[in-house]
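# An overview of the molecular structure
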Amino acid sequence: MRKVLNKAIILSVAAAFLFAGCGVYSFTGTSIQPDVKSVTIDFFENRALKVNPSLSNDLTEAIKLQFRKMTSLEQVEMDGDIEIAGNITDYKISASAVTAEEVAAQNRLSITVKITFTNRKYPEEDFEKSFTQYADYDSQNTLEAVESGLCEEIVKLLVDDIFNATVANW
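Parameters and conventions
Residues numbered from 1 in each chain as written. Predicted model: local features only at pLDDT ≥ 70, side-chain atom pairs only at ≥ 80, totals over all residues. Heavy atoms only, no water. Helix = DSSP H or I, 4+ residues; strand = E, 2+ residues; numbered from the N terminus. Buried < 20%, exposed > 50% of the residue type's maximum accessible area, 1.4 Å probe, protein only. Areas by Shrake-Rupley, 256 points an atom, 1.4 Å probe, with all protein chains shown as cover. Core = buried A, V, L, I, M, F, W, Y, C linked by side-chain atoms within 4.5 Å. Contact = heavy atoms within 4.5 Å. Phe/Tyr/Trp six-rings, centres within 6.5 Å; stacked < 30°, edge-to-face > 60°. Lys NZ or Arg CZ within 6 Å of the ring centre and 35° of its normal. Polar contact = N/O pair within 3.5 Å; in protein donor to acceptor, adjacent residues only side chain to side chain. Salt bridge = Lys/Arg side-chain N within 4 Å of Asp/Glu carboxyl O.

### Remarks on the overall build of the chain
From N to C terminus, the chain includes 3 helices and 6 strands. For the chain, the succession of helices and strands along the chain, N to C, is α-β-β-α-β-β-β-β-α. Out of the 170 residues in the chain, the part that is buried amounts to 35%. With the model as given, the accessible surface of the chain reaches about 10,400 Å², and the carbon-plus-sulfur share is 54%.

This is the structure we're talking about:
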């Protein structure tokens, strides 16, 4: 019994040292250096040819919320240790499935966002990258009827991509 207890204590201490030694691992999956304390998330301007009037605000706020929920970084208006800036570059509808009669059975709404990630403490991590996500919908529906729900779904996917690329290093 005593040997089992000693082994449990040793394993617990070893695990504590292992996780403490990493310095940048967290249980939320982020890999933020310990001296990075703040983030600036700029407003994502919509520069696509077709403009959804609420998309810029929805995307910006969703990214801010993700960082509040998943990190302990302080969100500051400017000069954060890391900065995420970007814009919506494309918002388009295309056919994703065609019937035998060459009529669209499903349409696809695609949104592309270009971001610039700046890490003032570790500039070697800086990058520019575009992210595209989409959602399909039945062509019997009008875009206006399904647009809100599709945008919400796509924004969630884009936020996950952006978050993972910037602070989760996936």
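Here the narrative resumes, following the displayed structure.
### As for the nonpolar core
Among the nonpolar cores identified, the biggest contains 35 residues, and F44, L59, I63, F67, I82, I111 and V113 are the most heavily contacted of them. Of all the elements in the fold, those that place two or more residues in this core are β1 (38–41), α2 (55–70), β4 (82–98), β5 (104–119), β6 (127–138) and α3 (143–168). Element by element, the count of residues in this core is highest for α3, at 12 residues. Beyond its immediate sequence surroundings of up to four residues, I111 is in contact with L55, I88, D90, Y91, F131, T132, Q133, C151, I154 and L158.

### With respect to the packing of aromatic side chains
Scanning all chains against the criterion turns up 2 aromatic pairs. With a centroid separation of 5.1 Å and an interplanar angle of 70°, the aromatic rings of F67 and F163 are classed as edge-to-face. Placement of the pair is F67 in helix α2 and F163 in helix α3, with a sequence separation of 96 residues. The exposure class of F67 is buried, given its relative accessible area of 1%. In this structure, R108 is placed above the aromatic ring of Y134, and the distance from its NZ or CZ to the ring centre is 3.8 Å.

### Some remarks on the environment of S38
Along the polypeptide, S38 turns up in strand β1. Its relative accessible area of 10% is what places S38 among the buried residues. Between the C-alpha atoms of S38 and D81, which are 43 residues apart in sequence, the distance is 5.2 Å. S38 has contacts with L73, E74, V76, G80, D81 and I82, leaving out every residue within four places of it along the chain. Looking at S38, its side chain comes within polar contact range of the main-chain nitrogen of D81, at 2.9 Å.

### Concerning the pattern of salt bridges
Evaluated as defined, the whole model comprises 6 salt bridges. For E45, the salt bridge goes to R47, with nearest N and O atoms at 3.6 Å. Classification of E45 by relative accessible area gives partly exposed; the value is 40%. As a salt-bridge pair, D90 and K92 come within 4.0 Å of each other at their nearest N and O atoms.

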